[in-house]
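What the coordinates show
One letter stands for each residue in the lines below.
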Amino acid sequence: MTLDNILLPTDFSACADHALTHAVEAADRFGARLHLLHVVNELDPDWYGITDAQDRAVKLREQIRAEAEERLQKLAPEKDHDFDTTVSLQLSFDVADSIHEYVEERNIDLVVMGTHGRKGLDRLMLGNVANKIVRHAPCPVMTVREEVPWTDEEEEVTYQDILAPTDFSDHSKDALQAAKTFASAYQARLHLLFVAEQRTVPTFSDTGIPGVGVVEMDPEIVKNAERALEQLDKNVGGPEVESAYHVREGNVSRDVVDFSETRGVDLIVMATRGLTGVSRFLLGSNTERIVRVAPCPVLTIPTDPDEEQQDA
């Protein structure tokens, strides 16, 4: 995993500012160029339907551009890195599309962004912009929640414990390699976690009355899972790091979040999809739930677009 260009999309919210500290630290660890991007998606609605709308729109955009450029320059930290500050203006009001275009045009290797913006919890970015970026970005995306409200000072970014949930799919192997790269860069402990998930399935009696049943994972799989995790860690490649192996039985998203909270995990690294393929897109269930409620940043590793087309 190579990180040469890291992008931070910002709306100048507190959540985006917190994400900036993670982006700066990653740029410092990996020697990457940091890009700061602000997309203007709201213009004064008063100009609609007015004869001088075009002139007013141009003046307003220039004013927003100047103010945004000034704020972006203030955001750029004083570190020994090159900083590329860009303001993107889109009349389509599609923030996610503008970010996606920037990622492809500038060969971005990692996007770091907050999970919600300055509109507050009633306008969660994760429900639209961040969710779209995680789903469709061709590069890994790190989502960062806002710091707790009683924290007055920005805490130093450090990853001491990194969690890599895995289902032994090829996609989770890619995520594990990325997790090992970050663990090595931050000298962190790596935790591999396999959750033997119970499946709820519909059942039908002889009378035709539907019901619900729970399917347990094969006990032999659970019994051998820890040894399989150790073997996976050795075979997947990447830098050698301090690793621990964990097996749980239950629900993937719930157990990943619970493990993160009880073990004080600083970063979760996981794939956007798993064994079940496009028909059961993992992001639509486990990964998305984890990104929403995880107590720490979540780094999602995308699927190769060519593989998605082959599975479709």
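Report on the accompanying structure.

Procedures and definitions
Residues numbered from 1 in each chain as written. Predicted model: local features only at pLDDT ≥ 70, side-chain atom pairs only at ≥ 80, totals over all residues. Heavy atoms only, no water. Buried < 20%, exposed > 50% of the residue type's maximum accessible area, 1.4 Å probe, protein only. Helix = DSSP H or I, 4+ residues; strand = E, 2+ residues; numbered from the N terminus. Contact = heavy atoms within 4.5 Å. Patch = residues over 30% accessible without salt bridge, like charges linked within 9 Å, V, L, I, M, F, W, Y side chains within 5 Å. Areas by Shrake-Rupley, 256 points an atom, 1.4 Å probe, with all protein chains shown as cover. Salt bridge = Lys/Arg side-chain N within 4 Å of Asp/Glu carboxyl O. Lys, Arg positive; Asp, Glu negative; His and termini not counted. Charge placed at Lys NZ, Arg CZ, Asp CG, Glu CD. Phe/Tyr/Trp six-rings, centres within 6.5 Å; stacked < 30°, edge-to-face > 60°. Expected span 1.5 Å × (residues − 1).

1. Some thoughts on helix α4 (residues 129-136)
Within α4 the residues assigned to the buried category are V129, A130, N131, I133 and V134. Residues of α4 that are buried sit in contact with α3 (95-105), β4 (110-114), β5 (141-144), α8 (286-293) and β12 (298-301).

2. Here we look at a negative patch on the surface
Together, D97, E101, E104 and E105 line one region of the surface with negative charge. The topology assignment puts E105 in helix α3.

3. Focus on the packing of aromatic side chains
Taken as a whole and judged by the stated rule, the model has four aromatic pairs. Note on F30 and F182: the rings are 5.1 Å apart at their centroids and 55° apart in plane angle, and the pair reads as tilted. Of the two residues, F30 sits in helix α1 (residues 14-30) while F182 sits in helix α5 (residues 170-186), which places them 152 residues apart along the sequence. Aromatic pair F182 and Y186: ring centres 6.1 Å apart, planes at 5°, arrangement stacked. A residue pair is termed a helical-turn pair when its members lie 3 or 4 positions apart in one helix, as F182 and Y186 do in helix α5 at four residues. Given a relative accessible area of 0%, F182 falls into the buried group.

4. Regarding the pattern of salt bridges
A complete count under the given rule lists eight salt bridges for this structure. Notably, a salt bridge pairs D161 with R189, separated by 2.7 Å at the nearest N-O pair. Pair noted here: D161 is in strand β6 (residues 161-165) and R189 is in strand β7 (residues 189-197), with a separation of 28 residues, a long-range link. By relative accessible area, D161 is classed as buried at 8%. Ionic pairing is found between D258 and R248, a salt bridge with its closest N-O pair at 2.7 Å. Of this pair, D258 sits in helix α7 (residues 252-263) while R248 sits in strand β10 (residues 243-250), and the two are ten residues apart along the sequence. Judged by relative accessible area, R248 falls into the partly exposed class, the value being 23%. Here the salt bridges share partners, and the residues they tie into one network are R135, E288 and R292.

5. Side note on unusual backbone geometry
Positive phi outside glycine occurs at F12, with the angle close to 65°. Relative to the helices and strands, F12 is located in the loop between β1 (5-9) and α1. In this model, N107 sits at a positive phi of 55°, which is unusual for a non-glycine residue. Relative to the assigned elements, N107 resides in the loop between α3 and β4. Taking relative accessible area as the criterion, N107 reaches 55% and is therefore assigned exposed.

6. With respect to α7
With twelve residues, α7 extends 16 Å between its outermost C-alpha atoms, agreeing within 8% with the 16 Å of an ideal straight helix rising 1.5 Å per residue. Every buried residue of α7 is listed here: V252, S253, D255, V256, V257, F259 and S260. Elements in contact with the buried residues of α7: β6, β7, β10, β11 (267-271) and α8. Downstream of α7 by a residue or two, G264 has a phi angle that is positive, lying close to 65°.

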